[in-house]
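Residue-level structural notes
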Amino acid sequence: MYFISGLRCESGTSVPDRYSALLPLVRNLKLRMCLTDPANRKTALWVLRQAVARGDGRMEGLSICCEGNTPLFYAGQDLQQGLVDILTNGSSLTVLDLRGVPFTLSDSFVRSVAMLCPALQSLYINNHSLVCGVNAETLRQVLKCCQSLSVLGVFQASLSQDVFKDLMFPERPALKKLELRCERSLKYTVPLCDQIWLELKLRHPRLWVELELDHTLPELHVPGVLQPSIPVRCLRLLTWTLLLDEVRIVRQSYANTLEVLELQTIPSPELNSELIALAKQCVKLQEVHCYCVVSQEVITAFFTNCPNLCRFTLKTHKEPHPWTSTKLK
């Protein structure tokens, strides 16, 4: 079994022969490419074709990461269509990770992937495009085609009551993890009530959720996302807004599950008080990252009350960007 963790496609060059010979034998491939050069993207698709088409169904995991600035008006049509064309020859993929692509993934692309990869167990389409391009009906089609899915990363705007009902069908496998990205598209969807989360948690008692709220999500929608019955293990509040109420909700609702917390917010004495209270309740925290200055009392509170803390970003003074985290264990 071969695992290539970082094959980088360089502009204007072919893949060395020593790697070309191994591509049909690859089981797990992480492919990095530069978007600014069409020749580079073509090389990346060639690599993928060799790994998939000539691999006799060996490849099980695929992760695609794009580097460099996205060209103006580039929507990734060549990569999306190229991937579909390659997978048409047959696929045994069980893991597909597209979090590293910056363009909007279309409904037709996601539907095609689901139909071509029925063995998928983990699918991540919660990338950092500006808007969600996958509607709830497409996600229902994914669940219908991929009966073994147990790990799912999507935009929360792709969820609906019907999607939750499909996830709760008795014949479906246990849902292990949901990664949800929350952004401006939530303005145009029906909010998910706490009751549906409670029912999902009862059907999948080992489920844990990772929530990421970005700066495009309107502030008024943030409390509606943080429903108390969500089994949140990792929460990233990247809103750059006042988060006093939200921090209070977090410590009241997720104290028994929260292990990773990341905040991008505005410093204040009130925030310090809320963080101290959070540290006393969310004692399972393993990581905490706050990208604004905090008081020394806040740092002491996390050290004192969170025995499993292994990594943190807590600063009492501003530092040059990017802030670095500190590892304890």
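As recorded in an unreviewed UniProt entry, the protein chain goes by F-box/LRR-repeat protein 8 and comes from Cyprinus carpio. On record in UniProt, under Subunit (unreviewed entry), the comment for the protein chain is "Directly interacts with SKP1 and CUL1." On record in UniProt, under Function (unreviewed entry), the comment for the protein chain is "Substrate-recognition component of the SCF (SKP1-CUL1-F-box protein)-type E3 ubiquitin ligase complex."

1. Quick notes on the environment of threonine 70
You can see threonine 70 is positioned in the loop between β3 (61–67) and α3 (77–87). On the basis of relative accessible area, threonine 70 is assigned to the partly exposed category, the value being 36%. If sequence neighbours within four positions are ignored, threonine 70 has contacts with Leu35 and Pro102.

2. Regarding the side chain of serine 158
Tracing the backbone shows serine 158 in the loop between β6 (151–155) and α6 (161–167). At 2.6 Å, the side chain of serine 158 forms a polar contact with the backbone oxygen of valine 134. Each residue touching serine 158, except ones within four places of it in the same chain, is listed here: Cys132, Val134, Asn135, Ala136, Leu139 and Val163.

3. Notes on the nonpolar core
By size, the foremost hydrophobic cluster in this structure holds 100 residues, and its most contacted members are Trp197, Leu211, Leu235 and Phe302. Not counting the four nearest positions on each side in its chain, leucine 211 is found in contact with Gln156, Leu180, Cys182, Val225, Leu226, Ile230, Val232, Cys234, Leu235 and Arg236.

4. As for the packing of helix α10 (residues 269–281) against helix α11 (residues 296–305)
α11 packs onto α10 with a crossing angle of 5° between their chain directions and a minimal axis gap of 8 Å. Comparing their axes, α11 and α10 come out roughly parallel. Where α10 abuts α11, its residues Asn272, Leu275, Ile276, Leu278, Ala279 and Lys280 lie against Glu297, Val298, Ala301, Phe302 and Asn305.

5. Some remarks on unusual backbone geometry
Across the junction of histidine 321 and proline 322, the peptide omega takes the value -5°, indicating a cis bond. At tryptophan 240, a residue that is not glycine, the phi angle is positive and equals roughly 55°.

6. Description of the packing of aromatic side chains
In the structure shown here, the tally under the stated rule is four aromatic pairs. Between tyrosine 291 and tryptophan 323, the ring centres sit 6.3 Å apart and the planes meet at 40°, which makes this aromatic pair tilted. Here the residue tyrosine 291 occupies a position in the loop between β11 (287–290) and α11, and tryptophan 323 occupies one in the loop between β12 (311–313) and β13 (326–327), the gap between them amounting to 32 residues. Relative to phenylalanine 312, the ring of phenylalanine 303 lies with its centre 5.2 Å away and its plane at 75°, an arrangement referred to as edge-to-face. Residue class for phenylalanine 303 comes out partly exposed when judged on its relative accessible area of 41%. Lying across the ring of tyrosine 124, arginine 99 places its NZ or CZ 3.8 Å from the centre.

7. Some words on the pattern of salt bridges
Tallied over the full model, the rule gives 18 salt bridges. Salt-bridge contacts for arginine 233 lead to glutamate 259; the nearest nitrogen and oxygen are separated by 4.0 Å. Taken together, the residues span a long stretch of sequence, with arginine 233 in strand β9 (residues 232–241) and glutamate 259 in the loop between α9 (244–253) and β10 (260–265) at a distance of 26 residues. For glutamate 259, a relative accessible area of 22% puts it in the partly exposed group. Taking the shortest distance from any N to any O, the salt bridge between arginine 251 and glutamate 274 comes out at 3.3 Å. Residue arginine 251 is found in helix α9, and its partner glutamate 274 is found in helix α10; the two are separated by 23 residues along the sequence. Classification of arginine 251 as buried rests on a relative accessible area of 14%.

About the thresholds
- Residues numbered from 1 in each chain as written.
- Predicted model: local features only at pLDDT ≥ 70, side-chain atom pairs only at ≥ 80, totals over all residues.
- Heavy atoms only, no water.
- UniProt positions renumbered as here; feature names shortened; annotations may be inferred.
- Helix = DSSP H or I, 4+ residues; strand = E, 2+ residues; numbered from the N terminus.
- Buried < 20%, exposed > 50% of the residue type's maximum accessible area, 1.4 Å probe, protein only.
- Contact = heavy atoms within 4.5 Å.
- Polar contact = N/O pair within 3.5 Å; in protein donor to acceptor, adjacent residues only side chain to side chain.
- Core = buried A, V, L, I, M, F, W, Y, C linked by side-chain atoms within 4.5 Å.
- Axes fitted to C-alpha atoms, helices over the stretch in contact; angles between N-to-C directions.
- Parallel < 35°, antiparallel > 145°, perpendicular 65-115°, else oblique.
- Phe/Tyr/Trp six-rings, centres within 6.5 Å; stacked < 30°, edge-to-face > 60°.
- Lys NZ or Arg CZ within 6 Å of the ring centre and 35° of its normal.
- Salt bridge = Lys/Arg side-chain N within 4 Å of Asp/Glu carboxyl O.

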